[in-house]
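Secondary and tertiary structure notes
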Amino acid sequence: MPAKSKDSRPGGRSARVRAAVHRATVDLVQEVGTEKVTIPAVARRADVNPSSVYRRWGTTSALLADVAAHRQDEGTPELLGDLRKDLEQAALWTLTDLSRPGGVAFFRAEVAPDVDQRRAGLRECLERVSTRFHAALDAAARRGEATPPLERVLDHVVAPLYFRVVFSIPETDEDYARGLVTELYGSGYAAPPTPAPGSHAR
């Protein structure tokens, strides 16, 4: 598994260096792709000493994975108090994150060639993506709403989004993302329908 970045302290020069290196990495990925990104090139773009980058991240793979994790942690949507809307919002956030410049490239960077590293990278990526949907499901459960299992949401919403964006399938847009949530509800895996007026639960 790629080495984690070492944040010795949350602010000061350490934070500035990390921010500069992250910006340089994103810019280079957008310009030349992950395959051509090197630590010396990142260091030149960030105007930092290459030894600082090597010392902190060790390898290009570790740096790319750290940037990918940081990008996914940015801008987590706030809950709206309605499960369907919250799931739609999480789906749209996932689509936006994948579709922005470098999004798929960073996802692929987390999926390392080595089998063990690939499994670890996929597991971490899945955990981060799951957090967005898990928060919506937990909040709905606390409100007393019936909720689908997280695995069902991942199968019916997250997996199709990743598949279609990675393979550049046309019409993978916001309407499609919302439609996945609609299909989840229509399939009977989400909350049961509201009882008709006058009906009584047994």
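Relevant structure appears above.
Residues numbered from 1 in each chain as written. Predicted model: local features only at pLDDT ≥ 70, side-chain atom pairs only at ≥ 80, totals over all residues. Heavy atoms only, no water.

Description of unusual backbone geometry
- Here Ser-168, not a glycine, exhibits a phi torsion of approximately 55°, which is positive.
- Residue classification places Ser-168 among the exposed positions, given a relative accessible area of 60%.
- Unusually for a residue other than glycine, Glu-171 sits at a positive phi of about 65°.
- In this structure, Glu-171 sits in the loop between helix H8 (150-166) and helix H9 (174-186).
- With relative accessibility at 70%, the residue Glu-171 sits in the exposed group. (Buried < 20%, exposed > 50% of the residue type's maximum accessible area, 1.4 Å probe, protein only. Helix = DSSP H or I, 4+ residues; strand = E, 2+ residues; numbered from the N terminus.)

So, the environment of Thr-172
- Relative to the helices and strands, Thr-172 is located in the loop between H8 and H9.
- The sequence separation of Thr-172 and Ser-99 amounts to 73 residues, and the corresponding C-alpha distance is 9.5 Å.
- Those residues in contact with Thr-172, other than ones at most four positions away along the chain, are Leu-95, Leu-161, Arg-164 and Val-165.
- At 2.9 Å, the side chain of Thr-172 and the side chain of Arg-164 are in polar contact. (Contact = heavy atoms within 4.5 Å. Polar contact = N/O pair within 3.5 Å; in protein donor to acceptor, adjacent residues only side chain to side chain.)

Digging into the nonpolar core
- Counting 29 residues, the largest nonpolar core has Leu-83, Leu-87, Phe-133, Val-153, Val-157, Leu-161 and Tyr-162 as the members making the most contacts within it.
- Secondary structure elements with two or more residues in this core: helix H5 (83-99), helix H6 (103-110), helix H7 (115-142), H8 and H9.
- No other element matches H8, which puts nine residues into this core.
- Not counting residues within four places of it along the chain, the set of residues in contact with Leu-161 comprises Ala-91, Thr-94, Leu-95, Leu-98, Thr-172, Tyr-176, Ala-177 and Leu-180.
- Of all hydrophobic cores here, the second largest spans 22 residues; its members include Ala-20, Val-48, Leu-63 and Val-67. (Core = buried A, V, L, I, M, F, W, Y, C linked by side-chain atoms within 4.5 Å.)

Focus on the pattern of salt bridges
- Throughout the structure, instances matching the rule amount to seven salt bridges.
- Residue Asp-66 is joined to Arg-18 by a salt bridge in which the shortest nitrogen-to-oxygen separation is 3.2 Å. Of the two residues, Asp-66 is situated in helix H4 (residues 60-73) and Arg-18 in helix H1 (residues 12-32); the sequence distance between them amounts to 48 residues.
- Residue Arg-178 pairs with Asp-175 through a salt bridge whose shortest N-O separation is 3.9 Å. Of the two residues, Arg-178 and Asp-175 both sit in helix H9, three residues apart, roughly one turn of that helix.
- A cluster of three or more residues bridged by salt bridges with shared partners is formed by Asp-97, Arg-100 and Arg-132. (Salt bridge = Lys/Arg side-chain N within 4 Å of Asp/Glu carboxyl O.)

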